[in-house]
2 protein chains.
Amino acid sequence: MAVVLPFDPVAEVSAAPSIEGIVTLVRADMERVNALILSRTGSDVTMIPEVAQHLISSGGKRLRPMLTLATADLCGYQGEGDVKLAASVEFMHTATLLHDDVVDDSEMRRGKLAARMLWGNEASVLVGDFLLGQAFRMMIEVGNLTALDILSTAAVVIAEGEVAQLAAAKNTATSEDDYLAVIRGKTAELFAAACEVGPVLAGRPKLEQAACRSYGMNLGIAFQLIDDALDYGGSGADLGKNVGDDFREGKITLPIVLAFRRGDEEERAFWRRCLERGEIAEGDLERAIALLAGHKTIADTVERARHYGAMAKDALGIFPAGPTRSALIDVVDFCVSRAH
Amino acid sequence: MAVVLPFDPVAEVSAAPSIEGIVTLVRADMERVNALILSRTGSDVTMIPEVAQHLISSGGKRLRPMLTLATADLCGYQGEGDVKLAASVEFMHTATLLHDDVVDDSEMRRGKLAARMLWGNEASVLVGDFLLGQAFRMMIEVGNLTALDILSTAAVVIAEGEVAQLAAAKNTATSEDDYLAVIRGKTAELFAAACEVGPVLAGRPKLEQAACRSYGMNLGIAFQLIDDALDYGGSGADLGKNVGDDFREGKITLPIVLAFRRGDEEERAFWRRCLERGEIAEGDLERAIALLAGHKTIADTVERARHYGAMAKDALGIFPAGPTRSALIDVVDFCVSRAH
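- The name recorded for chain A in an unreviewed UniProt entry is Polyprenyl synthetase family protein, from Ancylobacter radicis.
- Per UniProt, chain A has the following entry under Cofactor (unreviewed entry): "Mg(2+)".

1. Let's talk about the relation of the copies chain B and chain A
The relation between the two chain copies is a rotation about an axis coupled with a shift along that axis.
Move 1: Once chain B has been moved 0.0 Å along the axis and rotated by 180°, it coincides with chain A to within an RMSD of 0.0 Å. Seen this way, the second copy is the image of the first under a two-fold rotation axis. Closest approach to the rotation axis within chain B is made by the C-alpha atom of V125 of chain B, at a distance of 3.6 Å.
Move 2: Of the interface residues in chain B, 100% have counterparts in chain A that sit at the interface too, so the contact is made through matching surfaces.

2. Concerning the packing of aromatic side chains
Residue and element names in this part refer to chain B.
Move 1: Using the criterion set out here, one finds eight aromatic pairs over all chains in the structure.
Move 2: With 6.5 Å between their ring centres and 25° between their planes, F247 and F270 make a pair best called stacked. On the criterion of sequence distance, the pair formed by F247 in helix α12 (residues 245-249) and F270 in helix α14 (residues 265-276) is long-range, its members being 23 residues apart. For the pair formed by F247 and F270, the shared burial category is buried.

3. A few points about the pattern of salt bridges
Between side chains of opposite charge, pairing is possible as soon as their charged atoms come close.
All names here are of chain A.
Move 1: All told, the structure shown has 40 salt bridges over all chains when counted by the stated rule.
Move 2: For the salt bridge of D300 with R262, the shortest nitrogen-to-oxygen distance reads 2.9 Å. Of this pair, D300 sits in helix α16 (residues 297-315) while R262 sits in helix α13 (residues 254-262), and the two are 38 residues apart along the sequence.
Move 3: For D300, a relative accessible area of 23% puts it in the partly exposed group.
Move 4: What you see here is one network of salt bridges that share partners, running through D29, R32 and E80.

4. Details of the interface of chain B and chain A
The extent of an interface is frequently quoted as the accessible surface area lost upon association of the parts.
Move 1: Tallying the contact residues gives 36 residues for chain B and 36 residues for chain A.
Move 2: Around 3,300 Å² of area is buried between chain B and chain A when both sides are counted, 81% of it from carbon and sulfur atoms.
Move 3: In this assembly, chain B and chain A are joined by zero salt bridges.
Move 4: Here chain B is connected to chain A by six residue pairs in polar contact (both at pLDDT 80 or more).
Move 5: When contributions to the side of chain B that touches chain A are tallied by element, the ones reaching two or more residues are α4 (47-56), α6 (81-104), α7 (115-142) and α8 (145-168) of chain B.
Move 6: Considering each element in turn, the side of chain B that touches chain A owes the most residues, 14 residues, to α8 of chain B.
Move 7: By residue class, the composition of the side of chain B that touches chain A is 22 nonpolar, seven polar and seven charged.

5. A word on the state of the cysteines
Residues and elements named next belong to chain B.
Move 1: One pass over the structure, following the stated rule, counts zero disulfides over all chains.
Move 2: In this structure C335 is not part of a disulfide, and its nearest cysteine sulfur, from C195, lies 11 Å away.
Move 3: According to the relative accessible area criterion, C335 is buried, its value standing at 0%.

6. Re a nonpolar patch on the surface
All names here are of chain A.
Move 1: On the surface, a nonpolar cluster with roughly 250 Å² of combined accessible area is contributed by L113, M117 and L118.
Move 2: Of note, M117 is situated in helix α7 (residues 115-142).
Move 3: With relative accessibility at 37%, the residue M117 sits in the partly exposed group.

Quick notes on the rules
- Note on numbering: residues in each chain are counted from 1, in written sequence order.
- By the order in which they are written, chains take letters starting at A while ligands take numbers starting at 1.
- Local features are withheld for residues below a pLDDT of 70 in this predicted model, meaning they are given only at 70 or higher, and side-chain atom pairs are given and counted only at 80 or more; totals for whole chains, interfaces and linings count all residues.
- Processing note: side-chain calculations cover all non-hydrogen atoms of the structure and skip hydrogens and water entirely.
- UniProt positions are given in the numbering used here, feature names are shortened, and annotations may be inferred rather than shown by experiment.
- We place the copies in one frame by least squares, fitting the C-alpha atoms of every residue whose pLDDT is at least 70 in both.
- Throughout, a contact is declared for two residues whenever any of their heavy atoms are within 4.5 Å.
- Note on ring pairs: Phe, Tyr and Trp rings are taken, using the six-membered ring of Trp, and paired if centres are within 6.5 Å. Classes follow the plane angle, with under 30 degrees stacked, over 60 edge-to-face and the rest tilted.
- In DSSP terms, a helix is any run of H or I states spanning at least four residues, a strand is any run of E spanning at least two, and both are numbered starting from the N terminus.
- Using a 1.4 Å probe on the protein chains alone, a residue whose accessible area is under 20% of its type maximum counts as buried, one over 50% counts as exposed, and one in between counts as partly exposed.
- Criterion for a salt bridge: a side-chain nitrogen of Lys or Arg within 4 Å of a carboxyl oxygen of Asp or Glu.
- Throughout, buried area stands for the accessible area (probe radius 1.4 Å) lost by two parts on being put together, summed over both.
- The definition of a polar contact used here is a pair of N or O atoms within 3.5 Å, where within protein one atom must be able to donate a hydrogen and the other to accept one, and adjacent residues in sequence count solely through side-chain atom pairs.
- Here the nonpolar group is Ala, Val, Leu, Ile, Met, Phe, Trp, Tyr, Cys and Pro; Asp, Glu, Lys and Arg are the charged ones; every other residue, Gly included, is treated as polar.
- Throughout, a disulfide means two cysteine sulfur atoms within 2.5 Å of one another.
- Candidate patch residues must exceed 30% relative accessible area and have no salt bridge, after which like charges are joined if within 9 Å and Val, Leu, Ile, Met, Phe, Trp or Tyr side chains if within 5 Å.
- To measure how exposed things are, a 1.4 Å probe is used in the Shrake-Rupley method; for residues, cover is taken only from the protein chains shown.

Below, the structure is given as structure tokens:
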């Protein structure tokens, strides 16, 4: 006698989204990526592996290299190049983090002291350069000129996005469009490139390259929006950094952009004093969080993230259903749900 | 009636060596390199061209890109790729300078305020990253995988050399070999790569690639040795930086390595106090310069430079005599003679 299992849509929807699907899917290849990361941070100059390993071993999710492996898999790629490109993507990301910490004067990164606090800004700048160079070497070993073009263009666009963020820093006149342009560059471009090289390696048509790129770009935007919401909403322990870092640094993120527009003149004077002039007193962070909550700008930032997440998921619609596509869709839900 | 011009060997030898030969030889191509440099520093993010142009327009000799053009010419290269690779080499160099100024806390560069003094360390780090990315994009456009391998490896080796210098900073136990390993990485590797890609583009055999690489490597070592000698010997106006910068930063260069070994215990205590502990008082720079002079370590640093310069010139012996080879040899004499 067959057992009839009742269909429970509520249980299915309420299960916490996770990245277990993609983790399982790419596990074997990620072991090779991790071995490559370890070997390519090696150097006779002992400070290099020390600094690099401090950050690399600090428990990032390695989402970006997993995306390269998964999109290559989605496109039926059979070769070895995806492992090297995935490691290159992670090195580009790590180099960016090392340089960002110097640019932002950050003290913490992933719940540990930032490398620059232990080895100084000098080492963070130079080891970042080393990792960026190693990233290019690995890409070149793969020898695919289109993939090289995509990833080197990403390196340029990321730097442009970071400089644009610097130029917009402390400027409360920043619009939502300005903000979007910054995060497309500084964050989403690497997600897009990481996903685009998968179909490129597999020799798939432009349509599929564009679909994977769109998935990565929109996922990256959603990811950064949630990150910016979490900066005012999560707990220090969960985030691996302190709540209110963006506030203290005068970073104009979407929760602020919206609150500035929705607030009255007194509130705008508050934002200008804290973010433009950097005059932050006891209790100001609490007031900022209360204003963001009052104007529902954290909730709406999450809503905006959902929008980009939906675009990311729809972009994959041209690929056949299957475990890889499902795993990539779960990644979007996981990223958006981090805000809760 | 024919006019007999007397042969005057003294006049020929005593003529100040110059880089006029190479400048004339590559003038047409350098105009294209300069146009490319200008166009590839462009960005909608206006801070990028501002920072990049500040340094690029500050009158460096652009020796490295000229070397790429000249070695390509020496090897009979007829294509267009050398212009892009030359611009890439200059971008790699400029990126390194921007990052170096941050690492060294430099206030001056080429007689102007360092970019970081005008736009901050953040901009110097990020615009450096932008230029490095643009360098890779240009190389990739050329599409020669061997040249890509050489230049990306150089990027890694340069960063390693810079970190090695950082690790050796303020350490008076640094040996001449340690010092040489550092300058091979941080300076000579880019000269070597700039020269090696010429024959690679021209599809010349390994022997000629190795010869051009050796020329560049030894020229680069000589160049840095002279630079380090000049730091204690030139005038601020000539150098575009302040005399004694290396001393104040605790940099252990060859004049110091030799003076430490040739000095007595009292002198070593002086070097340790100034360079290791950074306790520099009024008159200490003058004493340092007097000690270096007393032990003839500036003169001997120049002698060592002559040795590497001779190796560089001999490396070109496998190429036929002609204006290009002569121009490259003049570059060596010019670099070594800067010390006077």
